[in-house]
Amino acid sequence: MTTIYLVRHCEAMGNINRIFQGHTDEEISENGRMQLERLAERFRGIHLDAVYSSPLKRAYHTAEAVNRYHRLPIHTDGRLMEINGGHWEEKPWEALPELYPSEWEDWSERPWRFEAKGGEPMREVYRRMAEALTDIAAAHPGEAVAAASHGCAIRNALCWASGRPIERLLEIPWCDNTAVTVLEFQEGRPVIRLANDNGHLDEELSTLSKQSWWRE
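All values derive from a computational prediction rather than experimental measurement.

## Notes on the nonpolar core
One recurring pattern in soluble globular proteins: nonpolar side chains tend to sit buried together.
Turning to step 1, where the next piece is worked out: Core analysis: the largest hydrophobic core is formed by 41 residues, its most contacted members being I4, W88, W107, M122 and L133.
Turning to step 2, where the next piece is worked out: If you tally residues by element for this core, the top one is helix α6 (residues 122–139), at 9 residues.
Turning to step 3, where the next piece is worked out: Beyond its immediate sequence surroundings of up to four residues, I4 is in contact with L133, I136, A137, V145, A147, T181, V182, L183 and F185.

Take a look at the structure:
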C-alpha cells in the first residue's frame, strides 16, 4: 500500500487579491508563510519517503515546508500544476462573469465542460491528475509520499479518487490553503482516508474563513 499526502499550496497573492492565478506564478503572502509554519510542524512526525511538487512557486514553497524535517529531494511534476486558465489568467474573479459569460456559466454550473480560450480543458486536469497520482504511487510501492498541488487540480483528483466521473465534479468541495488529503493506493486504486483537512490552521490563518465565494 502506498500513502500519498496531497497538499494544497499555501496562500498566495492571487488568493487574497482574488485573481485567477492558474499557471500565473504568484508569490506567497505573509499569511501563507505562517500557514507553512503550521504545515511544517504537522508533518514533523509523519514518515515520508518522497516529496513531489507542482513547479509553481506557491506549491514548491509548500513542498519545502512539508519536507523541512525530512530533507528529501523534491521532485517536480508538471502534471500537478493548476489548470491553465488561458485568457482568464490574472483577471479579477469578479470581472469574469461579465468578460466571459458563457465560459463562466460552464465554470460555475458545468465545470466538466469548462475550457477558457487559450487554456486547458477541465477534462485534461482530471486526466493528468489521475495519471500523475497513479504513476507516483506505482513508483513508491509500500511508501509514504507527499505531493503539493493546487485547488482545482486537487478537486479533480478527489473526484477521480472517489470513483466519480468528472460530470460529478460539483459534488466535490473546495479546499483551504495547505489543506491535507490522504490517499491510500491498493492495487493501483486510491481510497480516500482524509479529505481537505485544515486542522493545523487556526481560524485567523485559514484563507477560506475570510472568504465566502466557496459557500455559494
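On we go.
## Some details on helix α2 (residues 30–44)
Turning to step 1, where the next piece is worked out: With 15 residues, α2 extends 22 Å from end C-alpha to end C-alpha; this agrees with the ideal 21 Å at 1.5 Å per step.
Turning to step 2, where the next piece is worked out: Summarising the contacts, the buried residues of α2 are in contact with β1 (2–8), α3 (57–66) and β5 (180–186).

## Details of unusual backbone geometry
Turning to step 1, where the next piece is worked out: If you check the backbone angles, R71 has positive phi at about 55 degrees while not being a glycine.
Turning to step 2, where the next piece is worked out: The phi dihedral of N196 falls on the positive side, at around 55 degrees, and the residue is not glycine.
Turning to step 3, where the next piece is worked out: Mapped onto the secondary structure, N196 falls in strand β6 (residues 189–197).
Turning to step 4, where the next piece is worked out: Residue classification places N196 among the buried residues on the basis of a relative accessible area of 17%.

## Some thoughts on the sheet that holds strand β3 (residues 74–76)
Turning to step 1, where the next piece is worked out: The 6 strands lie next to each other as β3-β2-β4-β1-β5-β6, forming an open sheet whose pairing is mixed. Of all strands in the sheet, those bounded by a partner on one side alone are β3 and β6. Going across the sheet, the axis of each strand differs from the next one's by a mean of 20 degrees, ignoring polarity.
Turning to step 2, where the next piece is worked out: Packed onto the sheet, α6 meets β1, β2 (50–53), β4 (144–149) and β5 and runs at close to 135 degrees relative to β1.

## Some details on the pattern of salt bridges
Turning to step 1, where the next piece is worked out: According to the stated counting rule, one finds 19 salt bridges in the structure shown.
Turning to step 2, where the next piece is worked out: With a closest N to O distance of 2.7 Å, D135 and R79 form a salt bridge. Taken as a pair, D135 in helix α6 and R79 in the loop between β3 and α4 (96–99) lie far apart in primary sequence, 56 residues in all.
Turning to step 3, where the next piece is worked out: R79 gets classed as partly exposed once you look at its relative accessible area, which sits at 23%.
Turning to step 4, where the next piece is worked out: Taken together, the shared-partner salt bridges connect D77, R79, E124, R127, E131 and D135 into one network.

## Overview of the side chain of E82
Turning to step 1, where the next piece is worked out: Tracing the sequence through the fold places E82 in the loop between β3 and α4.
Turning to step 2, where the next piece is worked out: No salt bridge is formed by the buried E82; the nearest opposite charge belongs to R58, separated by 5.4 Å.
Turning to step 3, where the next piece is worked out: Among the polar contacts made by the side chain of E82, one reaches the main-chain amide nitrogen of G151 at a distance of 3.4 Å.
Turning to step 4, where the next piece is worked out: A polar side-chain atom of E82 sits 3.1 Å from the main-chain amide nitrogen of A153.
Turning to step 5, where the next piece is worked out: The contact partners of E82, leaving out residues within four places of it in the chain, are G22, H23, L56, R58, E120, R128, H150, G151, C152 and A153.

## Topic: the packing of aromatic side chains
Turning to step 1, where the next piece is worked out: Enumeration according to the criterion identifies 14 aromatic pairs in this entry.
Turning to step 2, where the next piece is worked out: Between W88 and F114, the ring centres sit 4.8 Å apart and the planes meet at 70 degrees, which makes this aromatic pair edge-to-face. Placement of the pair is W88 in the loop between β3 and α4 and F114 in the loop between α5 (101–109) and α6, with a sequence separation of 26 residues.
Turning to step 3, where the next piece is worked out: The exposure class of W88 is buried, given its relative accessible area of 0%.
Turning to step 4, where the next piece is worked out: Note on F114: relative accessible area 1%, which makes it buried.
Turning to step 5, where the next piece is worked out: Plain terms: the ring middles of W107 and F114 are 5.0 Å apart, the flat faces sit at 80 degrees to each other, and that makes the pair edge-to-face.
Turning to step 6, where the next piece is worked out: Taken together, the ring pairs in this structure connect F20, W88, W93, Y100, W104, W107, F114 and W174 into an aromatic cluster.
Turning to step 7, where the next piece is worked out: Directly above the ring of Y69 sits R44, whose terminal nitrogen or CZ lies 4.0 Å from the centroid.

About the thresholds
- Residues numbered from 1 in each chain as written.
- Predicted model: local features only at pLDDT ≥ 70, side-chain atom pairs only at ≥ 80, totals over all residues.
- Heavy atoms only, no water.
- Core = buried A, V, L, I, M, F, W, Y, C linked by side-chain atoms within 4.5 Å.
- Buried < 20%, exposed > 50% of the residue type's maximum accessible area, 1.4 Å probe, protein only.
- Helix = DSSP H or I, 4+ residues; strand = E, 2+ residues; numbered from the N terminus.
- Contact = heavy atoms within 4.5 Å.
- Expected span 1.5 Å × (residues − 1).
- Pairing = 2+ DSSP bridges.
- Axes fitted to C-alpha atoms, helices over the stretch in contact; angles between N-to-C directions.
- Salt bridge = Lys/Arg side-chain N within 4 Å of Asp/Glu carboxyl O.
- Lys, Arg positive; Asp, Glu negative; His and termini not counted.
- Polar contact = N/O pair within 3.5 Å; in protein donor to acceptor, adjacent residues only side chain to side chain.
- Phe/Tyr/Trp six-rings, centres within 6.5 Å; stacked < 30°, edge-to-face > 60°.
- Lys NZ or Arg CZ within 6 Å of the ring centre and 35° of its normal.

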